[in-house]
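Okay, here's what each chain looks like letter by letter:
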Amino acid sequence: MTRRAWLRLTATGAALAAAGQVPAAGLAVRAQAATPSPPTGPEVRHPAIDGLFSRYRRSDAPGIALAVVRDGETLHLAGYGAANLESGEPIDGRTVFHAASLAKQFTAFSIGLLEEDGALGLDDDIHRYLPDVPDFGARITLRHLLHHTSGLRDQWPMLVLAGHDRRDVLTQARIRKLVAAQRELNFTPGTAHEYCNTGYTLLAEVVARISGQSFPEFAEQRIFRPLNMTRTFFCDDAGRIVRNSAASYHRRDNGTGWRHVPLNYETVGATGLCTTAEDMLRWAGNFNEPVVGGVKLMRRLGQPGHLRDSHRVNYGHGLYRHRFAGHEAVYHRGRDAGFVAAFAWIPKLSLGVVLLANTPVDQDELTDAVTLYCCGQAAGGGSSEPLRSRPSPRQLSNLTGHYLGADGHMLTLRREGDGLWLSDRLGEDEPVTVRNDGSFDTGGRRRGYYRPCRNASGRVTAIEEVRPDAVAPRVSTYQRAARTRPSDDRLAELAGLYHSAELDCSYRLTVSDGGLLLDCRWLPRPERFRPTVNDHFQTSHRVLASMQVVRDQSGSVGGLLLHGHRYRNLRLDRVSEAAC
């Protein structure tokens, strides 16, 4: 298909196709033409794909918009469920969704366009464009931000820790001020990979600084308008009225009914993208035959970045590498409030899949199911997992115990009868499946598994958590440790008030029932920390994770270090002691 033909196809929607007979081996047969059905816009339904989503076809529940394109031809474009439960407006291919982290590929693409213009270099120091970013004593480049190798702490947990309420409007300026107050990095830039939304917020600021336009204006002018993505934009105004937009919902805690989940974002770059399934097909078309940016730039999206030691990381220019049905894809998922999104492009098949939802669903599972079918495979068919084994009592005894991670996160393996159970800091206690290769998992290896590390005598001294991906597995090591039970006097030394200059927020520690309670203005109730090893504690809170006591040379308590998901070594200085 020529560029002109593609533009004509996407601009009018008149050539959208509906499926005919379903081939046994997937979508080997092209769809036949059909007329779009007003007033909900163009709709193309492939019967087999439609069947995968039949459970979402309800008028009293939120749902999903799904689009599938192959070789420039739309195979499926349809909506399921309600965009708005108050009005009952149904979801279709033109419903506007907040697409969360799908924004990152457009932010990276904007940086690429400016590089093609000669306006910047990827190895430029961030301070060249944003001098208010602190000097951490190590050079941070645009390339580090693009590949999540900058070492910056992630904005989302930091905002929570600083007391930001999700009902408050979150602005770009708020995040910039938070970054300006930071004094530490998670790691030296270029030495590790850790997903970081902060970096993409700063990249959007770089685009604005260089172009002289706001980031939403730049993206509109250079990307969305040329691709005729007429319902796509970056939203930096939480009060903007958007016609035919989906609202955000979660199930109520009791499992019945729905509740609206607010999303008051005026921040862009890492998030803030509003789009439709139909418009994302036009973006997929730009991978097939580039209209905006050249072939070289489009191929670079998703190309793995590198660390200083030349180790490749599974992220590059706003997209991950992923494998579907044995084929390499570029992929990203997104999740904010009740919104969920996924975008996959498989170059060798010229196949694109777009999923947008207004309530939490498993976007990986659904994208897998669609892609596997399109590749001629049944969803859930086959498995490369090693077979289960029945470990001996000696093997079980060798595995049981406590294991401590570098961030203070403790895992516990305990024996129960002839089985093994794994407990983590979130309080989740799950049965373990042991495999015949010695590894073990908690019900499927696709999202991660564990393998024991043994010394020369065969004793398990550590376990490694392995998270597979399309480039190289990510491995975290947990060393065997003896759990400690500090005395009440030892705990009493820690009680008092602590303050973070980086967050401008204070926390209070009190002693309770052999542990510690941490309280703060943003916590609805004090959070309990349990002791793990000497001067280390952990909690089941999803943002607060582990806490480490900092002592001076005399052994006096000087402060605390907080560690959690995407942030480490957040210092709280002791302000005063307090009675228990």
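Since this is a predicted model, take the numbers as computed values, not measurements.

S.K.: What is the right way to look at helix 6 (residues 172-180) in this model?
M.R.: Structural remark: α-helix, 3.6 residues per turn; residues separated by three or four positions point the same way. Among the residues of helix 6, those classed as buried are Gln172, Ile175, Arg176, Leu178 and Val179. Buried residues of helix 6 fall within an arc of 160° about the axis and therefore sit on the same side. Buried residues along helix 6 sit against helix 5 (155-161), strand 8 (170-171), helix 7 (197-211) and strand 12 (265-266).

S.K.: Just checking my understanding: could you explain the environment of Ala219 for this structure?
M.R.: Within the secondary structure, Ala219 is located in helix 8 (residues 215-224). On the accessibility criterion, Ala219 (0% relative accessible area) is buried. Note: C-alpha distance between Ala219 and Phe233 (14 residues apart in sequence) is 7.6 Å. Beyond its immediate stretch of four places on either side in the chain, Ala219 contacts Phe224 and Phe234.

S.K.: Got a minute to help me understand the packing of aromatic side chains in this structure?
M.R.: Aromatic ring pairs: the centre-centre distance and the angle between the two ring planes describe each pair. Taken as a whole, this structure holds 17 aromatic pairs when the rule is applied. Taking the centre distance of 5.7 Å and the plane angle of 40° together, the rings of Phe287 and Phe343 count as tilted. Within this pair, whereas Phe287 is found in helix 9 (residues 277-288), its partner Phe343 is found in strand 18 (residues 339-346), the two being separated by 56 residues in sequence. A cation over a ring is seen here: Arg45 above Tyr80, with NZ or CZ 5.1 Å from the ring centre. The positively charged end of Arg240 is found above the aromatic ring belonging to Phe233, 3.7 Å away from the centroid.

S.K.: Can you walk me through the side chain of Thr532 in this structure?
M.R.: Among the structural elements, Thr532 can be located in the loop between strand 32 (527-531) and strand 33 (536-538). A relative accessible area of 0% places Thr532 in the buried class. Contacts of Thr532, omitting those with residues within four sequence positions, involve Leu404, Met410, Ala482, Arg483, Thr484, Phe537 and Gln538.

S.K.: Even after reading the chapter, I still don't get the sheet that holds strand 33, so can you show me in this structure?
M.R.: The pairing of strands in a sheet comes from backbone hydrogen bonds and takes either a parallel or an antiparallel form. Spatial ordering of the closed barrel is given by 29-30-31-32-33-34-35-36, a layout of 8 strands whose pairing is antiparallel. Here the average twist between neighbouring strands, direction ignored, is 30°. Of the strand pairs in this sheet, strand 32 and strand 33 are connected by 2 bridges, and their pairing is antiparallel. Paired with Arg530 across the strands is Gln538, a residue of strand 33.

S.K.: Can you walk me through the packing of helix 3 (residues 103-116) against helix 8 in this structure?
M.R.: Think of two packed helices as two axes; the pair is described by the angle between the axes and how far apart they sit. One can describe the packing of helix 3 onto helix 8 by two numbers: an axis separation of 11 Å at closest approach and a directional angle of 75°. In this view, helix 3 runs roughly perpendicular relative to helix 8, as classed from their interaxial angle. Two secondary-structure elements touch here, helix 3 through Phe106, Thr107, Phe109, Ser110, Leu113 and Leu114 and helix 8 through Phe215, Phe218, Arg222, Ile223 and Phe224. Class assignment of the residues belonging to the contact of helix 3 with helix 8 gives a composition of 8 nonpolar, 2 polar and 1 charged.

S.K.: Can you help me understand the sheet that holds strand 4 (residues 73-80) in this one?
M.R.: Strands sit in the order 4-3-19-18-17-16 across an open sheet of 6 strands; the sheet is antiparallel. The sheet is open, and its two edges are formed by strand 4 and strand 16 (320-324), each paired on a single side. Neighbour-to-neighbour, the strand axes of the sheet open up by a mean angle of 20°, direction not taken into account. Pairing between strand 3 (residues 64-70) and strand 19 (residues 351-357): 7 bridges, direction antiparallel. Note that in strand 19 the partner of Ala67 across the bridge is Val354. Contacts between helix 9 and the sheet are confined to strand 3, strand 4, strand 17 (327-336), strand 18 and strand 19, with strand 18 contributing the most and set at about 25° to the helix.

S.K.: I keep staring at the pattern of salt bridges and nothing clicks. Help me out?
M.R.: Close approach of charged atoms allows side chains of opposite charge to pair. Tallied over the full model, the rule gives 31 salt bridges. Glu278 is paired through a salt bridge with Arg231; the nearest N and O atoms lie 3.8 Å apart. Residue Glu278 is located in helix 9, and its partner Arg231 is located in the loop between helix 8 and strand 9 (233-234); the two are separated by 47 residues in the primary sequence. Here Arg551 and Glu493 are joined by a salt bridge, their closest N and O atoms 3.2 Å apart. With Arg551 in strand 34 (residues 546-551) and Glu493 in the loop between helix 13 (488-492) and strand 29 (496-500), the pair connects residues that are 58 residues apart, well separated along the chain. When its relative accessible area of 22% is taken as the criterion, Arg551 is described as partly exposed. Relative accessible area serves as the criterion here: at 35%, Glu493 is assigned to the partly exposed category. In the salt-bridge network here, residues are joined through shared partners; they are Arg94, Arg231, Glu278, Asp279 and Arg282.

Calculation rules
Counting starts from 1 at the beginning of each chain's written sequence and moves along it residue by residue. For this predicted model, a pLDDT threshold of at least 70 governs which residues receive local features, and a threshold of 80 or more governs which side-chain atom pairs are given and counted, while totals over whole chains, interfaces and linings are taken from all residues. Where side-chain values are given, they derive from all heavy atoms of the structure, hydrogens and water being excluded. When accessible area is computed with a 1.4 Å probe and restricted to protein chains, residues below 20% of their type maximum are described as buried, those above 50% as exposed, and intermediate ones as partly exposed. In DSSP terms, a helix is any run of H or I states spanning at least four residues, a strand is any run of E spanning at least two, and both are numbered starting from the N terminus. Within this analysis, the arc is defined by the directions that extend from the helix axis to the C-beta atoms. In this analysis, two residues are considered to be in contact whenever any of their non-hydrogen atoms come within 4.5 Å of each other. A pair of Phe, Tyr and Trp rings is counted when the ring centres sit within 6.5 Å of each other, with Trp represented by its six-membered ring. The angle between the planes then sorts it: under 30 degrees is stacked, over 60 is edge-to-face, the rest tilted. Here, over-ring charges are defined by two tests on the NZ atom of lysine or the CZ atom of arginine: distance to the ring centre within 6 Å, and angle to the ring normal within 35 degrees. Pairs of strands are assigned from DSSP output, requiring at least two bridges between the strands. Only the stretch in contact is used when fitting a helix axis, every axis being a line fitted to C-alpha atoms; angles between N-to-C directions are given from 0 to 180 degrees. Convention used here: angles under 35 degrees read as roughly parallel, angles over 145 as roughly antiparallel, angles from 65 to 115 as roughly perpendicular, and any remaining angle as oblique. In this count, Pro and Cys sit with the nonpolar residues alongside Ala, Val, Leu, Ile, Met, Phe, Trp and Tyr, while Asp, Glu, Lys and Arg are called charged and the others, Gly among them, polar. For salt bridges, the criterion is a side-chain nitrogen of Lys or Arg within 4 Å of an Asp or Glu carboxyl oxygen.

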